[in-house]
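# Coordinates in review
One-letter residues, chain by chain:
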Amino acid sequence: MSVVGIDLGNYHCSIGIARNKNIDIIANENSNRTTKNIISLKDEFRSIGDNAQPLLVTNYKHSFYNLKYLLGLKYKDINPEEYPFQMIEKDDGFIGYLYNQEVLDDIQLLAMLFSKFKQQIIEDTKNNISNLVVPVPPYYTNRQRKLMVQAGLIVDITIDLINEYIASALDYGIWKTANNEFSDTQKHLVLFIDIGYSSSSYSLINFYQTALDIKNVITDTSICGRTIDLGIYRLLEKQLVDKLNIDVNLYPKSKAKMLVEAEKIKKQFSLGNKVVKSTIEYIHQDHDLIYHISLEEYMEILSPMLDKLTQNIKNVLDSQNIENIEELQVIELIGGTTRIPLIKETIKKSTGMIPSTTLNADETNAKGAALYAAFNSGRFKSFDYLINDIYPHTIQAVNSNKEDFDRVTLISHDDNLPKKKRLRFKYAENLTMSIVENDDTIIQFKDIIFDKIDERINIYLNIGLDGIIQFSNSDYTYREETEDGTKGNKKKDVIELTTIDISIVDLEKYKEYEKLSWEIYQQFLLKNEKKNDFENLLLNTRYIIENCQIEVDKDTILQEIEQLEDWLYQEDLYSLQQYNDNIERFNQMIEPINQQKIEIQVVQECINKLQQIIYNHNYKPPKLQDDILIENYNKIIQLCQTSQELINYAKTDLDEFNLGQIMSNNLLELSNNYNEISKQISTIHTDIKIQEKKISEQQKIKLEVEKNQASKLDSNSTKEPGNTNHDDTNLDEDNQIDGVNKIDGVNKIDGVNKI
């Protein structure tokens, strides 16, 4: 089972997998470590990720992006003119996305993204997902967080959430904790500045050896890469009006082209260019838009954002009374927009510190999320680590039945998380209690009835690091009424309250829709694959007939190919049955060609086997200069050379598709040679092993004899003078020692070359 962290950005996504004592970022089908968060829908077809980027212009109406930012927003909170795809305001005030005659919800589009990522993870790991963590922006409300989780449930994925700055902090701090770089008594204060495509955050975090403590977080959705893109877009829009008198808002396709061009211009300025030439061909009908954007114009777009960036940094430092910048250990930059040189310079100027870029701006949140998933999975050895977070919003209780009811603050902005709290109500009348977050109703407790003496109703609230508010079963306390009308003993019972969860959606409906649309999409892929296979079959057959020596009715087959090609391109796609029927009928017509293809395959297999034999046995001559070994070695070389000649002839005939020549001259000889060479090499190898073993044994005997002789000579040299006694062993020229020929520099040892 896979333990996964997904950084679902507004512009692109990265996926981290916990394995091999590390966090690996997996590549997508295009070998990229990040994947574009774009969904393009057209009839039965859905393109998600990098392959959908070119469709932003050609299929602009139904190519959706920036979904993370738009999730859970109301229509009145956005500017629809900033997007080329079609959106409407639904009855509940939230955004609906038009697709043909349907209105899709943001949660459905998000589920399509998760379905794509789930498939990518399973293909890479060959396992299902056990733990999945997704970091979310700190400004996300309770509704937005629940929608993110429910989007995963639509495609059968259970998602845990953490705030993005916690993911960054874990990727920064866990490895340092493992190396004992922190202390439990001395703080290590870090400022994380995360500027992404649709928002930015500024987080002050204290690191200890076994904990991290979030001190303060500020978020700003106006400082981001998209703000720059829109500024460049408006500059191009003005040029379009001035030069061509065209209102781009009337032509969504032109708008889509300009938004794509704005992003390219931003990247060019990030490389240090002082002037960038913008060329948009066919911006409308036959008109082109050509414009040179100067650095001064680009600075006019960036200046307001840079001023706000400086102010945000000041605010987050002032919130913790940090007057001396040296209290900070480091400033870490995260997010793709921080790569812009002017932003780095502004941060350096406003703080007096050179910001660090040691964390990977695109991958750190995915790695941190995977670390958090690994901690919670129980599948990895880990240590105790405490995370103290803060809640970014204010939660209040409101009596919906009375306008003059004072709001009761339950959780304040920057309260510590995780948090558990008991809400206790005493009221003389019935009430409907709404729990609201930033004026957005989270849940309602409907028609709470107080009908007992001294009744108190308790509601238990819990908020974890995911930032989602959970309510457990409620209870109430009261006093029994005695027979004489006095107050009795205090009692406590569980009570079931009628609740209305505003953010709950019809998951079953969405699941059924996603399942059906996924099956339709898979059918589309099968039909498209079958169409491509049929097209390749026709093209290959045409090539064989026109260029090769083959005995078939060429005219009839070529005529059939032309008819089938006309049929193939008349419609975008046919049914699978139609493709299968035509492919089967055509294969029957070209059966002789298919049969000869099989014969060619046999020849090719023989060639591959012989080449492998040549490769395996084209070794260096034996180290031992023995006549038999040399002779066996030469036999293998000769067989390999003969086989190589046959291979060269066969390859020439294959190139010319001259099947008759191949079959008559080469195939039988190739097959015979393969079998003969395999047999002979096996025999030769056996002989070589026996011979090498025999030589090795003889060399051991020879060394032993030399050792004995040397020992006896040393013994004789130490005897007294005049002593003429000798050893019983006589070293005459005619005698042998243990069957070994005498060693004199000219003789051999049983066939071994003289030494």
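From a predicted model like this one, the values you see are computed outputs, not experimental measurements.

What follows covers the packing of helix α3 (residues 106-125) against helix α11 (residues 507-547). Between α3 and α11, whose axes approach to 11 Å, the crossing angle comes to 55 degrees. As the angle between them shows, α3 and α11 are arranged oblique. When you trace α3 past α11, the crossing you get is right-handed. Across the interface between the two elements, Ile107, Gln108, Met112, Ser115 and Gln119 of α3 pack against Tyr510, Tyr513, Glu514 and Trp518 of α11. In terms of residue class, the contact of α3 with α11 is made up of five nonpolar, three polar and one charged.

The predicted coordinates should not be examined in detail at positions where pLDDT is low. Per-residue confidence for the protein chain gives a mean pLDDT of 81, with 77% of residues at or over 70. Predicted confidence is poor over residues 659-665, with pLDDT under 50, and the contacts of this stretch with residues over four places away or in other chains come to 11 contacts. Predicted confidence is poor over residues 720-755, with pLDDT under 50, and the contacts of this stretch with residues over four places away or in other chains come to 31 contacts.

With that settled, consider the pattern of salt bridges. Under the definition given, this model contains 21 salt bridges. The partner of Asp24 in a salt bridge is Arg19, and the shortest N-O contact between them spans 3.0 Å. Residue classification places Arg19 among the partly exposed positions, given a relative accessible area of 25%. Residues Arg46 and Glu514 are paired through a salt bridge, measuring 3.2 Å at the closest nitrogen-oxygen approach. Of this pair, Arg46 sits in strand β6 (residues 45-48) while Glu514 sits in helix α11, and the two are 468 residues apart along the sequence. On the basis of relative accessibility, which here comes to 3%, the residue Arg46 falls in the buried class. The structure contains a network of salt bridges with shared partners spanning Arg19, Asp24 and Asp124.

Cut-offs and rules
- Residues numbered from 1 in each chain as written.
- Predicted model: local features only at pLDDT ≥ 70, side-chain atom pairs only at ≥ 80, totals over all residues.
- Heavy atoms only, no water.
- Axes fitted to C-alpha atoms, helices over the stretch in contact; angles between N-to-C directions.
- Helix = DSSP H or I, 4+ residues; strand = E, 2+ residues; numbered from the N terminus.
- Parallel < 35°, antiparallel > 145°, perpendicular 65-115°, else oblique.
- Left-handed = near helix turned anticlockwise from the far one by under 90°.
- Contact = heavy atoms within 4.5 Å.
- Nonpolar A, V, L, I, M, F, W, Y, C, P; charged D, E, K, R; others polar.
- pLDDT = per-residue confidence, 0-100.
- Salt bridge = Lys/Arg side-chain N within 4 Å of Asp/Glu carboxyl O.
- Buried < 20%, exposed > 50% of the residue type's maximum accessible area, 1.4 Å probe, protein only.

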